[in-house]
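A closer look at the structure
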Amino acid sequence: MAPRWAFAVAALVICTGAHAQSTPQELKAALDQAMRTIQDLQARVKALEDQQPKTAAAPVAPAASAAVAGAPAVAPGSVADEGAKEPGQARVEIYGQAMADAIYDFKKVNPEWAATLRPSQIPIVCPGSPGCGKNESFTFSIRQSSLGVRAFIPTSMGVIKTDLAFDLFGSDGGTNVHWLRAWAELGRFGVGQTDSNFMDSSVFPNTIDYWGPPGMVFVRNPQLRVTPVNGDGIAVAISLEAPNSAIDTGKLTQFDPVLGAGIASRNRLPDLIASFTYERDWGHVRAAGILRQVGVHNTASADGEPSSQKPGYGLNVSGTWKVFSKEQVNWQVVGGKAIASYMNDGGVDLAPNASLRAETVSTVGWLAYYNHAWSDKWTSAIGYSEHKQSNTDGQLATAFRRGTYASVNALYALTKNVTSGVEYIWGKNESKDGQSATDYRLQWSTRVSF
């Protein structure tokens, strides 16, 4: 119903419009008639208001959005239907980035890994190593582009949180779907694939190179995780994760090529990982420990012999430290045996000893990066990282021993979601016999996130 003042304005307009062509007597009669009409309408409006209920009607709840256009209605008794009984509605968020990398390599690297600089992929002996060829090459890549979908589904037991994401960084040198996360959480429990509990993703520096520091623990692993403590800046998490043994048959293959070709990893138990995080305004400190069993067996043998199982373990201590107002130091130190499959680049978990029997290989890795904001638009990151292994007597002279990495960049934020910049990256690959090779490159990237 229109408000009362609208009728008065309408009447005034009628009278004003008639003024140019009417006599005073006609105007007076028209005005009296208008006033009687207004009084009659006021009475009708009041009567209608008296008929309205005294309590306001409850607002209509918005319909739950579907993750896919054209999705069928929610079936009664389903998880999403249970969520509708909780305060709030299920929702879906789409996120990701479109990113282009232009890379100029001054020296050689394995062509299948030309879109990033992994020290272990720098050829040392040519010919005979992947990536041998001439120095200087140009690569243009969109493989860092990614897409993800998060869902939040209220249920009677709490909110189910899911995250499904992939990028285009195929490990065969092509642009392929590469799954990052397929993860679901409900309260303290999580299941699926996500960052390993042994990994501290927050220490990854503000760089544009895809792979990053070799001395960092970095793996996304299928797992079951429980977080019994998570609040007031303290978190404790325990996980069982998918095992993976990186093996080197070394001199065994030279001694018995058939036996060496049949040796493959064999894992009987999941990896057990526990972590503790302490976070405050100045940054955070995190410690994670791993216990695992790694092994090998002979796939060419009917009984799988010879086979072997060895214990592995490791400790990863990491953190961030905020200095001044616009600076942050990222650091990490990790060490252990049979943990190379959790490292970002290079090394093996098992290799033959002098008797050509399986032996766990020791690993030490570290990184230190300084992140600086020159202004609201300009940022830079500079740092160094290393991953070193203690080679066994049964490994070949060409086995990976040490990978080192350094980078510095200048990045500019055109807007909140658009960043562009240039980065200088240097890497070195060193083998057991002391031989080494280096590569250095310039990378320009533009990232549009959403």
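Residues numbered from 1 in each chain as written. Predicted model: local features only at pLDDT ≥ 70, side-chain atom pairs only at ≥ 80, totals over all residues. Heavy atoms only, no water.

Before going further, it helps to examine the environment of L291. For L291, the position within the fold is in strand β11 (residues 283-298). Put simply, L291 and P311 are 20 residues apart on the chain and 7.5 Å apart in space, counted from C-alpha to C-alpha. The contacts of L291, once residues within four sequence positions are left out, are D271, L272, G312 and Y313. (Helix = DSSP H or I, 4+ residues; strand = E, 2+ residues; numbered from the N terminus. Contact = heavy atoms within 4.5 Å.)

Position of R150 among the secondary structure elements: in strand β3 (residues 146-155). As for R150 and R91, which are separated by 59 residues in sequence, their C-alpha atoms are 8.4 Å apart. Setting aside chain neighbours within four positions, we find R150 in contact with R91, V92, E93, Y95, T162 and D163.

Within the fold, L356 resides in the loop between β14 (350-352) and β15 (358-360). Sequence spacing of L356 and F255 is 101 residues, and the spatial spacing of their C-alpha atoms is 9.0 Å. When neighbours within four sequence positions are excluded, L356 is seen to be in contact with K251, L252 and F255.

Before going further, it helps to spend a moment on the confidence of the model for the protein chain. On average, residues of the protein chain score 85 in pLDDT, and 80% of them reach the 70 mark or higher. In this model, residues 1-24 is a region of pLDDT below 50 whose contacts with residues beyond four sequence positions or in other chains number 20 contacts. Note on residues 52-86: pLDDT under 50 across the span, and 27 contacts to partners over four residues away in sequence or across chains. (pLDDT = per-residue confidence, 0-100.)

Attention now moves to the side chain of E423. Relative to the helices and strands, E423 resides in strand β19 (residues 418-431). Buried E423, no salt bridge; nearest opposite-charge side chain is R441, N-O distance 8.6 Å. In this view, E423 contacts T207, I208, D209, S407, V408, N409, R441, L442 and Q443; residues no more than four positions away in its chain are not counted. (Buried < 20%, exposed > 50% of the residue type's maximum accessible area, 1.4 Å probe, protein only. Lys, Arg positive; Asp, Glu negative; His and termini not counted. Salt bridge = Lys/Arg side-chain N within 4 Å of Asp/Glu carboxyl O.)

So, about the nonpolar core. Ranked by size, the top nonpolar core spans 12 residues in total: V109, A114, L117, I122, V203, M216, L367, Y369, A381, Y405, I425 and A437. With 11 residues, the next largest nonpolar core counts V219, A288, V334 and I339 among its residues. (Core = buried A, V, L, I, M, F, W, Y, C linked by side-chain atoms within 4.5 Å.)

Evaluated as defined, the whole model comprises 14 aromatic pairs. Pairing W113 with W211 gives two aromatic rings, centres 5.0 Å apart and planes at 80°, and the pair type is edge-to-face. Placement of the pair is W113 in the loop between β1 (91-105) and β2 (137-141) and W211 in the loop between β6 (189-195) and β7 (220-231), with a sequence separation of 98 residues. Take W113 and W211: they sit in the same class, and that class is buried. Measuring from centroid to centroid gives 6.4 Å for F169 and W211, while their planes differ by 50°, and the two rings are tilted. Linking F169 in strand β4 (residues 158-169) with W211 in the loop between β6 and β7, this pair joins segments that are 42 residues apart in sequence. When its relative accessible area of 3% is taken as the criterion, F169 is described as buried. (Phe/Tyr/Trp six-rings, centres within 6.5 Å; stacked < 30°, edge-to-face > 60°.)

For a regular strand, side-chain orientation follows a simple rule: the groups alternate between the two sheet faces. For strand β5 (residues 175-186) and β6, the ladder comprises five bridges, and the chain directions are antiparallel. Paired with W183 across the two strands is G192, which belongs to β6. Between the antiparallel neighbours β5 and β6 lie two residues, among them G187 with a positive phi of about 65°. (Pairing = 2+ DSSP bridges.)

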